[in-house]
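# Secondary and tertiary structure notes
Here is how the chains run, residue by residue.
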Amino acid sequence: MIVGLDIGTSKVTVVIAEARPGEPLEIIGVGTAPSSGLRRGVVINIEATLRSVVDAIESAEQMAGREVKRVVSGIAGSHISGLNSSGVVAVTGRGREITSADIARVIENARAVSIPMDREILHVIPRNYVIDEQGGIKDPLDMIGVRLEVEVHLITGSVTAAQNLVKCVNRAGFEIAQVVFNSIAAAEAVLSQDEKDLGVLLIDIGGGTTNVMVYQDGAPFSSFVLPMGGSQVTGDLSIMLRTSMESAEKIKREDGCAYMALVEEGEPVLVPGVGGRAPIQCTREQICEIVQPRMGEIFRLVRERLDRQRMLDRVAGGLVLTGGGALLPGVVELAQDVFDLGGRIGQPSRHGGLADRYQSPEFSTAAGLVLHAWQSGSGDVPGGTERRKAGLKRVTRWMKHFF
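Everything numeric here is computed off the predicted structure, so don't read it as measured data. (Residues numbered from 1 in each chain as written. Predicted model: local features only at pLDDT ≥ 70, side-chain atom pairs only at ≥ 80, totals over all residues. Heavy atoms only, no water.)

Along the backbone of the chain there are 12 helices and 18 strands. Over its C-alpha atoms, taken along the principal directions, the chain stretches across nearly 80 × 75 × 40 Å. When burial is assessed residue by residue, the chain has 51% of its 403 residues classed as buried. Taking the intrachain contacts of the chain between residues at least 6 apart in sequence as the baseline, contacts between residues at least 24 apart amount to 67%. Total accessible area on the chain stands at roughly 19,100 Å², and carbon and sulfur atoms take up 49% of it. Of the side chains in the chain, 42 bear a positive and 48 a negative charge, and the two mean positions are spaced by 7 Å. (Helix = DSSP H or I, 4+ residues; strand = E, 2+ residues; numbered from the N terminus. Buried < 20%, exposed > 50% of the residue type's maximum accessible area, 1.4 Å probe, protein only. Contact = heavy atoms within 4.5 Å. Areas by Shrake-Rupley, 256 points an atom, 1.4 Å probe, with all protein chains shown as cover. Lys, Arg positive; Asp, Glu negative; His and termini not counted. Charge placed at Lys NZ, Arg CZ, Asp CG, Glu CD.)

Put into structure tokens, the structure is as follows:
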């Protein structure tokens, strides 16, 4: 059993999957709970976050009929940043054959970069190996060479932010098997290998943050996080329509649109009043006039960062939008205008079980955490097989005692 836990600014999502040897992964349970203890992806209230985690996991446990002990947790926030590095070593093995020890040495060499004391390296992702000036090698094991180089993408984050996240989950009664950057997890769930090889821009629009990752030649090339998301749109609606945040969120989900060309003229929308005041009526056009500028601002900020790094020239596979913010109608059309690229909505592919419950952009990260742990072999949660064996032993003991 593998459990993916995505602790977001507005929602906590959980996906429970079952992995049997020689069989494909099967998702058997999902759960969600409102989140109130985070701001822009960072924990600011441990108790509130703890309650949200417990509620979401209990909901998934009831659906799956299993007990959760260990989880693979995602991490996000504006403190996350990515950088590229490289390392080089001399091959010292017999016959100049490259061994796993040589690969480990060159990766360790590449991760020796200067970072502040309050930051730590979360991921070291090899992008490309070079053997004696021959590049484009994905796996150099057992090849012959004298000089081994590697280009890696490093993802770093705040030490205290990660510690607070781990403390929350531990106090909720669960153990963290691994912490994974949300964009890496989402990419596992929604991107195809062809898109990664061509070059693709992945934008994960959450409640408080927007995670961005550019893939090139099958590996991450650039990653960063903007401290803006869907909650800013909700806040704009709440202020401009003079209604509560709950009512603004409901209006955004039911009547919001991010692209004016898709809105029919004169569609009425009822806006609830605050403090006993009578509701007022507006149109979907007025709502779109509030939503579209904010979503456009988020995309323009992403484009400015990418233009400074000259990234968009490397993106031949288009852009993929995922996360809860991708559910907003018209968001793909707006993104295509801003980036001048073809785009689509990314959602998890089918992995058995209740596909209609998890095949949505808001479950991309949680499903991706499960896939990442399954492929890396680091998220195996003990308990399923052991509980079945323990149950069989109890029945056997009872029968012996009875006879």
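Having seen it, we continue.
The next point concerns the nonpolar core. By size, the foremost hydrophobic cluster in this structure holds 62 residues, and its most contacted members are Leu5, Ile7, Val14, Ile16, Val71, Ile155 and Leu191. A total of 8 residues in this core trace back to one element, the largest contributor, which is helix H1 (residues 46-64). Residue contributions to this core reach at least three from each of two domains, namely domain 1 (81-158) and domain 2 (192-345). Here Val71 is in contact with Val3, Leu5, Ile57, Val169, Glu175, Ile176, Ala177 and Gln178, once residues within four sequence places are set aside. Core analysis: the second largest hydrophobic core is formed by 41 residues, Ile251, Val271, Val331 and Val332 among them. (Core = buried A, V, L, I, M, F, W, Y, C linked by side-chain atoms within 4.5 Å. Domains from an automatic or database assignment.)

Once that is clear, we can look at the side chain of Glu61. For Glu61, the position within the fold is in helix H1. The class of Glu61 is buried, set by a relative accessible area of 18%.

What follows concerns the packing of aromatic side chains. One pair of aromatic rings is described through two measures. These are the centre distance and the angle between the planes. Summed over all chains, the structure comprises 1 aromatic pair. Plain terms: the ring middles of Phe299 and Phe339 are 6.0 Å apart, the flat faces sit at 70° to each other, and that makes the pair edge-to-face. On the criterion of sequence distance, the pair formed by Phe299 in helix H8 (residues 284-308) and Phe339 in helix H9 (residues 331-339) is long-range, its members being 40 residues apart. The two residues Phe299 and Phe339 agree in class, both being buried. Its end group placed over the ring of Phe224, Arg305 keeps NZ or CZ at 4.1 Å from the ring centre. (Phe/Tyr/Trp six-rings, centres within 6.5 Å; stacked < 30°, edge-to-face > 60°. Lys NZ or Arg CZ within 6 Å of the ring centre and 35° of its normal.)

This paragraph deals with the UniProt feature "domain: SHS2" (unreviewed entry) in the chain. When the UniProt feature table is mapped onto this chain, "domain: SHS2" (unreviewed entry) is found at residues 2-190. As annotated, residues 2-190 comprises 28% helix and 42% strand, and the C-alpha atoms at either end are separated by 19 Å. (UniProt positions renumbered as here; feature names shortened; annotations may be inferred.)

Among the 9 residues that make up helix H4 (residues 182-190), 8 are buried, leaving the element largely enclosed by the rest of the structure. Inspection of H4 places Asn182, Ser183, Ile184, Ala185, Ala186, Ala187, Ala189 and Val190 among the buried residues, and these make up the whole buried set.

Another point: the domain arrangement of the chain. Segmentation of the chain into domains returns domain 1 (81-158) and domain 2 (192-345). Using only C-alpha atoms to locate each centre, domain 1 and domain 2 end up separated by 36 Å. Each partner contributes residues to the interface: domain 1 has 9 residues there, and domain 2 has 8 residues. In total, about 630 Å² of surface goes out of reach between domain 1 and domain 2, with carbon and sulfur atoms giving 48% of it. Our count for the contact surface shared by domain 1 and domain 2 stands at 0 salt bridges. At the junction of domain 1 and domain 2, the tally comes to 5 residue pairs in polar contact (both at pLDDT 80 or more). (Buried area = accessible area lost by both parts, 1.4 Å probe. Salt bridge = Lys/Arg side-chain N within 4 Å of Asp/Glu carboxyl O. Polar contact = N/O pair within 3.5 Å; in protein donor to acceptor, adjacent residues only side chain to side chain.)

Now for the environment of Tyr259. Structurally, Tyr259 can be placed in the loop between helix H7 (245-255) and strand S15 (268-271). Residues Tyr259 and Pro293 lie 34 residues apart in sequence; the distance between their C-alpha atoms is 9.5 Å.

Let's shift gears to the environment of Asn109. Tracing the sequence through the fold places Asn109 in helix H2 (residues 100-110). The exposure class of Asn109 is partly exposed, given its relative accessible area of 36%. In this structure, the C-alpha to C-alpha distance between Asn109 and Glu149, residues 40 residues apart in sequence, is 9.6 Å. Those residues in contact with Asn109, other than ones at most four positions away along the chain, are Gly87, Val88 and Val89.

Its identity as a non-glycine residue notwithstanding, Glu133 has a phi of 70°, on the positive side. Locating Glu133 in the fold gives a position in the loop between strand S8 (119-131) and strand S9 (134-137). You can call Glu133 exposed: its relative accessible area is 75%. Here the phi dihedral of Arg310 falls at roughly 55°; this positive angle occurs in a residue that is not glycine. Following the sequence through the fold, Arg310 ends up in the loop between H8 and strand S17 (319-322).

Relative to the elements of secondary structure, Thr49 occurs in helix H1. The exposure class of Thr49 is buried, given its relative accessible area of 0%. Not counting residues within four places of it along the chain, the set of residues in contact with Thr49 comprises Ile7, Gly37, Leu38, Val43 and Cys168.

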